[in-house]
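# Structural overview
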Amino acid sequence: MAAGVQARQVASVMHVRCPDRLPEDVYRQVLEQLAELSPVVQALPPSAALMELKGALRYHGTDARRLGEVLRVRTISRLGVDVRVGIGPSITVAATASGQITEPGGVLAVDPSQVVDWLGPLPVEALHGIGPRQAQDLRNFGVHCVGLLAAVPPATVQRVLGGRAGRLAADRARGIDPRPVTPRALLASASVSRTFPRHALDGAAVRAALLDLVITLALQLRGRGQVARGLTLTLRFAGGTTWEKSRRLPEASAHDDDLRALSYRLIDAAGLQRGRLTGITLKGEDLVAADQVAEQISFDGAREARLLAEEVSDRIRAKFGPGAIRPATTLLRVS
């Protein structure tokens, strides 16, 4: 059935990979080249992007492969940058295709009617969205290629990789990925701040205020479909002095637990000892698209339960507002 659905589709998504460690200003210029070809471009920093092709193909009167070659010619001639271009009927197929190009640049287009046959022989780690740990777990289970992954019952894949990750992997191995290309500007950071009406001396209340910022920042990132690779905490004191410290997250994340743990380590490093705080800012740094980061499976049942509760909380906030549900600790008032 999946193959039949793909056959009725068109190669409508382009996934572009730039060379690693491309300077941000050059990456932005690559995005501008994409925007000249299609109005629907999704930045995937630091070095990739998606482009919706349906309208662009009608406008330019050409096919998808030709449009990919036009993009390569433009980036090489104008920027000196060769790109790898994958084209397919979905984000997963296009991104997997661009990852199969071994030359510095090139174009690989997968015909919608051949998606399942094309994916089948690929090693399981080649499927876009499968991380190294997930690939190893699948190999340990005896699943070495995408075709075998597609043949395994989805319920079994969920037991191996976890609920959500297993469902996504099983669907994408069959060529099923309904996600649209969503126009997204390049946002390198996001920050949230709190100004105290009076000088803050109570360490517990300051920590509660920080937790409130963590929840707000995490919700903002998840709403954007982004994750942070690092955090910066800035403290403002009476008298105008400031203290600032940055640290990297062990893995890019937008989950409350991960951001909270690092934020608490940052504020502990400040050694406040009842410092007279006037304000606090928490910034998520080096943001990347969440679907560019493989979410590793966890055997921590408590963490999985918290992540499930986080999803439920997000749905409640989406319906009733961001303040509809929050940790009780954040109700502490600064005195």
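Residues numbered from 1 in each chain as written. Predicted model: local features only at pLDDT ≥ 70, side-chain atom pairs only at ≥ 80, totals over all residues. Heavy atoms only, no water.

## Section: the overall build of the protein chain
The number of helices and strands found in the protein chain is 13 helices and 10 strands. By residue count, 45% of the 335 residues in the protein chain fall in the buried class. Taking the intrachain contacts of the protein chain between residues at least 6 apart in sequence as the baseline, contacts between residues at least 24 apart amount to 68%. (Helix = DSSP H or I, 4+ residues; strand = E, 2+ residues; numbered from the N terminus. Buried < 20%, exposed > 50% of the residue type's maximum accessible area, 1.4 Å probe, protein only. Contact = heavy atoms within 4.5 Å.)

## Quick word on the environment of arginine 65
With respect to the helices, strands and loops of the structure, arginine 65 is situated in helix α4 (residues 64-79). Sequence separation of arginine 65 and alanine 109 is 44 residues, and the distance between their C-alpha atoms is 6.1 Å. If we skip the residues at most four places from it in the chain, arginine 65 touches Ile87, Val107 and Ala109.

## What about helix α9 (residues 154-161)?
Because an α-helix packs 3.6 residues into every turn, residues spaced three or four apart end up facing the same way. Among all positions in α9, only Thr156, Val157, Val160 and Leu161 are buried. Seen from one end, α9 has its buried residues packed into an arc of 120°, which puts them on one side. Those residues of α9 that are buried lie in contact with α7 (132-140), α8 (146-151) and α10 (163-173). Two residues or fewer past α9, glycine 162 is found with a positive phi of approximately 100°. (Arc of directions from axis to C-beta.)

## Some thoughts on unusual backbone geometry
Here arginine 21, not a glycine, exhibits a phi torsion of approximately 60°, which is positive. Its place among the elements puts arginine 21 in the loop between β1 (13-17) and α2 (24-37). For arginine 21, a relative accessible area of 78% corresponds to the exposed category. One non-glycine residue, aspartate 286, lies in positive phi territory at about 50°. Summarising the element assignment, aspartate 286 is placed in the loop between β9 (277-285) and β10 (288-289).

## Structural notes on the pairing of β1
β1 sits mainly inside the fold: four of its five residues count as buried. Two strands pair when backbone bridges link them, and β1 and strand β3 (residues 48-52) are joined in this way by five bridges, in the antiparallel orientation. Along β3, the bridge assignment pairs valine 16 with alanine 49. Taken together, the five bridges between β1 and strand β4 (residues 84-88) define a ladder with antiparallel strand orientation. What sits directly across from arginine 17, in β4, is arginine 84. (Pairing = 2+ DSSP bridges.)

## Observations regarding the nonpolar core
Generally speaking, soluble globular proteins have nonpolar side chains that are buried together. Leu217, Leu221, Leu233, Leu259, Ile280 and Leu282 are the most contacted members of the largest nonpolar core, which totals 32 residues. For this core, the elements supplying multiple residues, two or more each, are β6 (190-200), α11 (203-224), β7 (226-237), α12 (256-270) and β9. Element by element, the count of residues in this core is highest for α11, at 10 residues. With near-sequence residues (within four places) excluded, leucine 221 lies in contact with Ala190, Gln226, Ala228, Ser253, Ala254, Leu259 and Leu287. One finds Val16, Cys18, Leu31 and Leu34 within the second-largest nonpolar core, a separate group that totals 26 residues. (Core = buried A, V, L, I, M, F, W, Y, C linked by side-chain atoms within 4.5 Å.)

## Some details on the sheet that holds β3
Taken in spatial order, the five strands make up an open sheet running β2-β3-β1-β4-β5, and their pairing is mixed. On the outer flanks of this sheet lie β2 (41-44) and β5 (106-109), each paired with one strand and no other. Sheet twist, expressed as the average angle between the axes of neighbouring strands with direction ignored, equals 15°. Pairing of β4 with β5 involves four bridges; the strand directions are parallel. (Axes fitted to C-alpha atoms, helices over the stretch in contact; angles between N-to-C directions.)

## Let's talk about the side chain of serine 12
Relative to the helices and strands, serine 12 resides in the loop between α1 (2-7) and β1. Setting aside residues up to four positions removed in sequence, serine 12 forms contacts with Met51, Glu52, Leu53, Lys54, Gly88 and Pro89.

## Points about the pattern of salt bridges
Opposite charge on two side chains permits pairing when their charged atoms draw close. By the definition in use, this model includes 15 salt bridges. Close ionic contact of glutamate 36 with arginine 78 constitutes a salt bridge, the shortest N to O distance being 2.9 Å. Residue glutamate 36 is located in helix α2, and its partner arginine 78 is located in helix α4; the two are separated by 42 residues in the primary sequence. Here arginine 78 falls in the partly exposed class, since its relative accessible area comes to 47%. Across the pair arginine 222 and glutamate 310 runs a salt bridge whose closest N-O atoms are separated by 3.4 Å. Of this pair, arginine 222 sits in helix α11 while glutamate 310 sits in helix α13 (residues 301-320), and the two are 88 residues apart along the sequence. Note on accessibility: arginine 222 and glutamate 310 belong to one class, buried. Here the salt bridges do not stand alone but share partners, grouping Arg222, Asp256, Glu310 and Asp314 into one network. (Salt bridge = Lys/Arg side-chain N within 4 Å of Asp/Glu carboxyl O.)

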